[in-house]
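Structural description and commentary
Residues per chain, in single letters:
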Amino acid sequence: MNDDIRFEPDERPPALLTLNVAFQGAVLIVTNVVTFIVIYSAAFDDDGSYAEWAVVGSLAVAGVLTALHASRLGPGYLLLWGSGIPFMVPCILAVEAGGPALAASLAVTSSLLQLAMAAGLARLRRLITPVVAGVAFIMISLSAMPIAMRRISDVPDGASELAGTAVGVITLVVAALAMLRATGLWRLWAMPIAIVIGCAGSVALGVYDVQPARNAPWLDLPDVGSWPGFASIADADYWSLLPVFLVISAVVAARATSEGVSVQEISHSTARAVDFRGVQRTVGVGGLAVFLSGIAGTLPAISYLPATISLLSFTRVAARRVGLLMGAMLIVLALLPKAVAALITIPRPVSGALLMAILGLLFIEGVRAVTRDGLSRHRGFIVGLSLSVAVGLQSQPSFLDLLGGPVAALLGNGVLVGVGIAVLLTGVFEVTSARRQRFETVLDRSAFVDLDGFLRTLGDGMGWNSASVERLRAAGEETLTAMMQLLEDNPGDVPPRVVLNARPGTASAELEFLALFSEENIEDRISYLNEQASTPDVGDLSFRLLRLHAAAVRHRRYHGIDVVTVEVEGSAA
């Protein structure tokens, strides 16, 4: 719910206001698209023709996606779309191995996974856990750092390499200050500000070439001769990088779920139930975004939720009509070669410095992912072993030379090795863990007897002694008592449902209680639960009492769902 919204999705704001908001949103998209495409194209030896094509294709794809998401064919909400960071570094690695054609083929293939997840294959999220995603982000950032360093010293003929380094340092310092100190809407302009100041420094130091922009016509059709096409799927590099793209695609699809929920909540001035069919459509548009970007041979597009939130907060307009007009503006801009050429003349030392900043953010995102649900013993082992083996193999090319052939190529890809080991260990842990047991009831006083019987059977089945079983039963009773207090915050005629997912173990048992205060799309809500934005809350007295019986307690609040996860330790009889 957003109390400040003046015009909700189905309302019609005045024409001038619609034009104004659409223009502001288009500017946000253009600045992001140009920034990311310039950084991406500067990572390989491009003469400028591909960068021009990539900007044109990205703007056109962004226009189609923004309009589609706002239309009746999509979810019907205003959400900005454009080229993004998640796929940038994998695409750079693909371009280094086989050119833009290889990146395009991998993008198209990985988009099929997102479309499948939109169709309901939520079980894939059990394998692509936050730990796997975190390992992927960390290894991607470490693998691409040398590429960013090489770009900083890449200057035009006749210019000093020291000048390129100076420009890179200036750009990096400005970007750091802007990201650290800027707030609100200004934070979204951190990178464009760094680009402008970096370009000014490039002019002063003689590493800025503006001639391509002067030679470009004002109006023309895109040069399709710069389209990279597709690489063969028989290429060894294709198969070595495909798992990386699939992992990133699964992570992006999971984020699209959260963004689909968030955009619905911020677009209305009154609280309402989340339409999970609309959330699935958002995930579907996300899959289509990667697919269309791959067809166009450009950097895959994602949704810009932070930019959308800032735009809605600043303008207080969430009308669908704005998204439709914004999409049309972006498509028209893609047909103006003079404007596109002027946007892509950013020197490589500037783009290299910004790539370093992006890789730093990506590394921290990986750390956040692996620690989001706590770094338990088995999660810590998966992360530590995956990173140590991947970094070790990547830093010892002499060892790989002894192997030779395709095996050396596969093991030399640190991202592939790290992600592969993380997925393998996660799968082994899931297979060897005891099967989850499910208990479902209504949240009222009658549930205590049935829950007590379920937990008694669970404890006896694990072979625990009587004291441990009593502690397990007491933890369950205290949790249910605490959840009964949630009824005061969620009044209704029908009692809510409680779903308990229990994972038994030898020395401990994990109990996940879900209080569902809405009967609509219950299975979808449970499937997508981990990707929704949650509000941690363990401050209630009743939840504190649980610590007398439980080794760990975590309470999370979602829209219409409360989740309490309790870990109880026990001993064998």
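Here goes a summary of the coordinates provided. (Residues numbered from 1 in each chain as written. Predicted model: local features only at pLDDT ≥ 70, side-chain atom pairs only at ≥ 80, totals over all residues. Heavy atoms only, no water.)

Some points on the overall build of the chain
A count of helices and strands for the chain gives 22 helices and 8 strands. The long-range share in the chain, meaning contacts at least 24 apart out of those at least 6 apart in sequence, stands at 80%. Carbon and sulfur atoms make up 61% of the accessible area of the chain, which amounts to about 24700 Å² in all. (Helix = DSSP H or I, 4+ residues; strand = E, 2+ residues; numbered from the N terminus. Contact = heavy atoms within 4.5 Å. Areas by Shrake-Rupley, 256 points an atom, 1.4 Å probe, with all protein chains shown as cover.)

Some words on the packing of aromatic side chains
For the structure shown, the criterion picks out 5 aromatic pairs. Between Tyr 238 and Trp 239, the aromatic rings sit 5.2 Å apart at their centres with planes inclined by 85°, giving edge-to-face as the arrangement. With relative accessibility at 4%, the residue Tyr 238 sits in the buried group. (Phe/Tyr/Trp six-rings, centres within 6.5 Å; stacked < 30°, edge-to-face > 60°. Buried < 20%, exposed > 50% of the residue type's maximum accessible area, 1.4 Å probe, protein only.)

So, the pattern of salt bridges
A complete count under the given rule lists 7 salt bridges for this structure. Put simply, Arg 72 and Asp 10 hold a salt bridge, and the shortest N to O gap is 3.5 Å. Of this pair, Arg 72 sits in the loop between helix H2 (49–70) and strand S1 (81–83) while Asp 10 is found in the segment before helix H1 (15–41), placing the two residues 62 residues apart along the sequence. Residue Arg 72 shares its accessibility class with Asp 10, and that shared class is exposed. Between Asp 10 and Arg 320 there is a salt bridge, with its nearest N and O atoms 3.4 Å apart. With Asp 10 in the segment before H1 and Arg 320 in helix H12 (residues 320–333), the pair connects residues that are 310 residues apart, well separated along the chain. With a relative accessible area of 56%, Asp 10 lands in the exposed category. Salt bridges sharing common partners tie together Asp 452, Arg 456, Glu 470 and Arg 473. (Salt bridge = Lys/Arg side-chain N within 4 Å of Asp/Glu carboxyl O.)

Description of the packing of helix H6 (residues 161–181) against helix H14 (residues 348–371)
Packing of H6 against H14 leaves a shortest axis separation of 8 Å and a crossing angle of 40°. Judged on the interaxial angle alone, H14 and H6 are oblique. Helix-helix and strand crossings are classified by hand; for H6 and H14 the assignment is right-handed. In this structure, H6 contributes Gly 164, Val 167, Gly 168, Thr 171, Leu 172, Ala 175 and Met 179 to the contact, and H14 contributes Pro 349, Val 350, Ala 353, Leu 354, Met 356, Ala 357 and Leu 361. In terms of residue class, the contact of H6 with H14 is built from 11 nonpolar, 3 polar and no charged. (Axes fitted to C-alpha atoms, helices over the stretch in contact; angles between N-to-C directions. Parallel < 35°, antiparallel > 145°, perpendicular 65-115°, else oblique. Left-handed = near helix turned anticlockwise from the far one by under 90°. Nonpolar A, V, L, I, M, F, W, Y, C, P; charged D, E, K, R; others polar.)

Considerations on the side chain of Ser 83
Counting through the fold element by element, Ser 83 comes out in strand S1. A polar side-chain atom of Ser 83 sits 3.2 Å from a polar atom in the side chain of Ser 58. Dropping the residues within four chain positions of it, Ser 83 is found in contact with Val 33, Phe 36, Ile 37, Ser 58, Leu 299, Pro 300, Ala 301 and Tyr 304. (Polar contact = N/O pair within 3.5 Å; in protein donor to acceptor, adjacent residues only side chain to side chain.)

Some remarks on the side chain of Thr 315
Counting through the fold element by element, Thr 315 comes out in helix H11 (residues 305–315). Exposure remark for Thr 315: the relative accessible area of 9% places this residue in the buried category. If we skip the residues at most four places from it in the chain, Thr 315 touches Arg 6, Val 21 and Gln 24.

Some details on the environment of Gly 297
With respect to the helices, strands and loops of the structure, Gly 297 is situated in the loop between helix H10 (276–296) and strand S2 (301–303). Overall, the relative accessible area of 4% leaves Gly 297 in the buried class. C-alpha separation for the pair Gly 297 and Tyr 50, spaced 247 residues apart in sequence, amounts to 9.3 Å. Excluding residues that lie within four positions of it along the chain, Gly 297 makes contacts with Tyr 50, Ala 104, Trp 227 and Pro 228.

Comments concerning the packing of helix H3 (residues 88–98) against H14
Closest axis-to-axis distance for the H3/H14 pair is 11 Å, and the angle between their directions is 120°. Taken together, the axes of H3 and H14 are oblique relative to one another. Contacts between H3 and H14 involve Met 88, Val 89 and Ile 92 from the first element and Leu 355, Ile 358, Leu 359 and Leu 362 from the second. Partitioning the contact of H3 with H14 into residue classes produces 7 nonpolar, no polar and no charged.

Section: the nonpolar core
Counting 104 residues, the largest nonpolar core has Leu 80 and Met 326 as its most contacted members. If one sorts the elements of this core by residue count, H1 sits on top with 13 residues. Among residues more than four places away in sequence, those in contact with Met 326 are Val 21, Ala 22, Gly 25, Ala 26, Ile 29, Thr 66, Leu 78, Leu 80 and Leu 311. In this structure, Phe 439, Leu 480, Ala 550 and Val 564 belong to the second largest nonpolar core, which totals 28 residues. (Core = buried A, V, L, I, M, F, W, Y, C linked by side-chain atoms within 4.5 Å.)

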